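Take a look at the letters that make up each chain.
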Amino acid sequence: MDAEAVAEWETAVLSGGPADGLRMRVVDRPSVVQVTYPCEVDEAPHEARVKVEALYVYRRVLRDGDEPVRYGFDGASP
């Protein structure tokens, strides 16, 4: 993206999966959006400081002139 270009944010909506109905703002209509959700860790080995998150993938639904941009849950990824 050109440093002098003004980013144009637009509204996007997630459909399906754990973030169903979530509205957000995106730039340049990315083809994939990742959503993470924190998981609880019962006990980390050797006093390691770890953080575990579940990863969910949403792919852009292609439609001409669609507003807002829509992303559908991809249950097969990753």
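Now for a quick tour of the structure. For clarity, every value in this text was computed on a predicted model and none was experimentally measured. (Residues numbered from 1 in each chain as written. Predicted model: local features only at pLDDT ≥ 70, side-chain atom pairs only at ≥ 80, totals over all residues. Heavy atoms only, no water.)

On the surface, a nonpolar cluster with roughly 220 Å² of combined accessible area is contributed by Val41, Val50 and Val52. By the secondary structure assignment, Val50 is in the loop between strand E3 (32-39) and strand E4 (52-60). Classification of Val50 as partly exposed rests on a relative accessible area of 48%. (Patch = residues over 30% accessible without salt bridge, like charges linked within 9 Å, V, L, I, M, F, W, Y side chains within 5 Å. Areas by Shrake-Rupley, 256 points an atom, 1.4 Å probe, with all protein chains shown as cover. Salt bridge = Lys/Arg side-chain N within 4 Å of Asp/Glu carboxyl O. Helix = DSSP H or I, 4+ residues; strand = E, 2+ residues; numbered from the N terminus. Buried < 20%, exposed > 50% of the residue type's maximum accessible area, 1.4 Å probe, protein only.)

It is worth spelling out the sheet that holds E4 at this point. Strand order in this open sheet of five strands is E2-E1-E5-E4-E3, and the pairing throughout is mixed. The open sheet is flanked by strand E2 (23-27) and E3, the only strands paired with a single partner. Pairwise comparison of adjacent strand axes, ignoring direction, gives a mean angle of 40° for this sheet. Summarising the sheet, E4 and strand E5 (residues 69-74) pair through four bridges and their orientation is antiparallel. Of the residues in E5, the one forming a bridge with Val57 is Asp74. (Pairing = 2+ DSSP bridges. Axes fitted to C-alpha atoms, helices over the stretch in contact; angles between N-to-C directions.)

The quantities given are spatial measurements derived from coordinates; they are silent on function.
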